[in-house]
Amino acid sequence: MLLGLLTAIAASVCYGTGSVLQAVGSRKSARREAAASDRTQHGGPSLSSTAKAATTWEFMVGTILDFVGFGLGALAARLLPLFLSQTVISANLVITAVLSVKLLGIRLSRAEWTSIGVVCSALVLLATAAGHEGSGHTAMSTHWWLLVVALVLMAGGTVVVRLLGARAAILAGLLSGLGFGALGVGVRVLNGIDPFDVGALLGDPALYAILVAGVGGMYLHTVALQIGSVNGATAALVVGETVLPGAIGVLWLGDASRAGLAWMAVLGFVLAVAGAVAVAWFGSPDAHGVEDPTPAKELTPVR
């Protein structure tokens, strides 16, 4: 349990730090491309502008941290119940908020600090209440369904987001969160890990669901960063990444809380999600009634 918690916290730190750097790179590129009118007819970023955002040094360093965070998060998903691992990893929103004070010069309001305190308290409740993680053994048909769902969400979501253009920030956040959530579920059920078996690993549809959800989630996350900070975009990401995987872990994968502490696990989960939503809400420039003239200094959506 302790190793799993430390791993999830390390993944959260990597994701949070990476997101700050990715936001700087994405917004820097978005400003250049806006001047060049490199947009879709619906007002959203074009594929080329999204690709250019990924070539800035800030975005590349942030992406490296994302890959490290992915590896640590995958390990945490194997060591902890999903409702705990995914929630701790989603707390990278708090990491981003705190780092933004130093790295981006953001001044957090009392409401934001209170929300951060709620998330931290909720994580303590979750860690106290968490019991054993489930085995993760499921029928192969479930692995195929996971791949189909990942493909539909990511491919269909990409098309819809491009059609909606600049209005798609909330949807992009939700879909990227669902993608990262599907990734967590895929890691839990993946065959060929313990014991290690290359044939079983490559023949498992869950492996390809992980790849589709990871790449698609990253793309949609980048689009959300380019579009701008909109109230609810980050909240949608947090909900998509935590609520659904947590429910799947409890209902189908055998995750459980300690005897008699189910109420504490539920309370901690609800408070963690609500606190993360509040951090996203109060952290948006819209919530302060101002429009940030330098987008790179916003508190931006994270995984």
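Now for a quick tour of the structure.

About the cut-offs
Counting of residues starts from 1 at the beginning of each chain's written sequence and follows it residue by residue. Reporting of local features is limited, given that this is a predicted model, to residues whose pLDDT is at least 70; pairs of side-chain atoms are given and counted only at 80 or more, and all residues count toward the totals for whole chains, interfaces and linings. Only heavy atoms go into the side-chain values, all of them from the structure, while hydrogens and water stay out. Candidates for patches are residues over 30% relative accessible area with no salt bridge; among them, like charges are joined within 9 Å and nonpolar side chains (Val, Leu, Ile, Met, Phe, Trp, Tyr) within 5 Å. With residues, only the protein chains shown are counted as cover, and all accessible areas are computed by Shrake-Rupley using a 1.4 Å probe. Criterion for a salt bridge: a side-chain nitrogen of Lys or Arg within 4 Å of a carboxyl oxygen of Asp or Glu. Numbered from the N terminus, helices here are DSSP runs of H or I no shorter than four residues, and strands are runs of E no shorter than two. For a helix, the expected span equals 1.5 Å multiplied by the residue count minus one. Exposure is judged per residue with a 1.4 Å probe applied to protein chains only, and the accessible area is read against the type maximum: over 50% gives exposed, under 20% gives buried, and values in between give partly exposed. Of the two site types, the cavity is a set of points on a 1 Å grid over the protein atoms alone where a 1.4 Å probe fits but cannot get out, and the pocket is an open set with protein on both sides within 12 Å along at least five of seven lines, each lined by residues with an atom within 4 Å of a point. Grid points are joined across faces, edges and corners, and a volume is the space filled by probe spheres set on the points. Residue contacts are counted whenever heavy atoms from the two residues lie within 4.5 Å of one another.

## Brief notes about a nonpolar patch on the surface
Then, number 1: Taken together, the side chains of F196, V198, L202, Y208 and L211 make up a nonpolar region of the molecular surface, amounting to roughly 510 Å² of accessible area.
Then, number 2: Among the elements of the structure, α9 (198-202) and α10 (205-227) are those that each provide at least two residues to the nonpolar patch.
Then, number 3: In this structure, F196 sits in the loop between α8 (169-189) and α9.

## A look at helix α7 (residues 140-164)
Then, number 1: For α7, built from 25 residues, the straight-helix expectation of 36 Å at 1.5 Å per residue is met to within 8% by its first-to-last C-alpha distance of 36 Å.
Then, number 2: Listing the buried residues of α7 in full gives H143, L146, L147, A150, M154, G157, T158 and V161.
Then, number 3: At the exit of α7 stands G165, carrying a positive phi of roughly 65°.

## Let's talk about the layout of surface pockets
Then, number 1: For the second largest pocket, the calculated volume is near 370 Å³.
Then, number 2: Secondary-structure elements contributing two or more residues to the lining of the second largest pocket are α7, α8 and α11 (233-251).

## Structural notes on the side chain of S115
Then, number 1: By secondary structure assignment, the location of S115 is in helix α6 (residues 110-129).
Then, number 2: Sequence-distant contacts of S115, that is, excluding residues within four places in its chain, are made with G275, A278, V279 and F282.

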